[in-house]
Amino acid sequence: MKKLFMLCCASLLAACSSQTPSNQASLDGEVFYLQRIALPPAATLSVELQDVSLMDAPALILARQAGPVKGNVPLPFHLTYDPAQVKPGHRYAVSARIELGGKLLFINTEHQGVALDGSDQQPVRVKVDPVR
């Protein structure tokens, strides 16, 4: 019985070690604004990690999180991306927006660059400004 148990444990361990490790990296942060107002319960937050290297082309989206706003600012986000998509010499940025029923309420108006080389201070703080 002991030998059977050891054999099962060994085969289970071998199966676990033969799986390919996850090739994912993540970027954690929070979105905030300075106005002292609460967001409507139906507001949504969208955060994107973008490759903004090409000036004449739309940004390439590496990761995106979107969903209902939960709670008050700062609003946390967690972006998971494939580090194989990160290319040397390219520029990357995080963009954020808060909408209500398709109408834009807040958006970041300043470039929020990230290096994606492990040197980024986390959580990344993204300030959004009201749209008038």
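Residues numbered from 1 in each chain as written. Predicted model: local features only at pLDDT ≥ 70, side-chain atom pairs only at ≥ 80, totals over all residues. Heavy atoms only, no water.

- Under an unreviewed UniProt entry, the name given to the protein chain is Lipoprotein, and the organism recorded is Pseudomonas inefficax.

## Points about the environment of F32
- The residue F32 is located in strand β1 (residues 25-32) in this model.
- Considered as a pair, F32 and F106 are 74 residues apart in the sequence and their alpha carbons are 9.8 Å apart.
- Dropping the residues within four chain positions of it, F32 is found in contact with V73, P74, R125, V126, K127 and V128. (Helix = DSSP H or I, 4+ residues; strand = E, 2+ residues; numbered from the N terminus. Contact = heavy atoms within 4.5 Å.)

## Concerning the pairing of strand β2 (residues 44-51)
- Most of β2 sits inside the fold, with 7 of its 8 residues counted as buried.
- Sheet analysis places β2 next to strand β5 (residues 92-100), joined by 8 bridges and oriented antiparallel. Residue pairing for β5: S46 is matched across the bridge by R97. (Buried < 20%, exposed > 50% of the residue type's maximum accessible area, 1.4 Å probe, protein only. Pairing = 2+ DSSP bridges.)

## As for the packing of aromatic side chains
- Evaluated as defined, the whole model comprises 1 aromatic pair.
- Each ring, one from Y33 and one from F106, has its centre 4.4 Å from the other, and the planes form 20 degrees; the classification is stacked. Taken together, the residues span a long stretch of sequence, with Y33 in the loop between β1 and β2 and F106 in strand β6 (residues 103-107) at a distance of 73 residues. Each member of the pair, Y33 together with F106, is buried. (Phe/Tyr/Trp six-rings, centres within 6.5 Å; stacked < 30°, edge-to-face > 60°.)

## Description of the sheet that holds strand β4 (residues 75-81)
- On the basis of which strands lie adjacent, the open sheet formed by 3 strands has the order β4-β1-β8 and mixed pairing. This sheet does not close on itself; its edge strands, each paired only once, are β4 and β8 (124-127). The mean inter-strand angle of the sheet, taken between neighbouring strand axes irrespective of direction, is 30 degrees.
- In this sheet, β8 lies alongside β1 in parallel orientation, the contact comprising 4 bridges. Counterpart to G29 in the pairing with β8 is V124. (Axes fitted to C-alpha atoms, helices over the stretch in contact; angles between N-to-C directions.)

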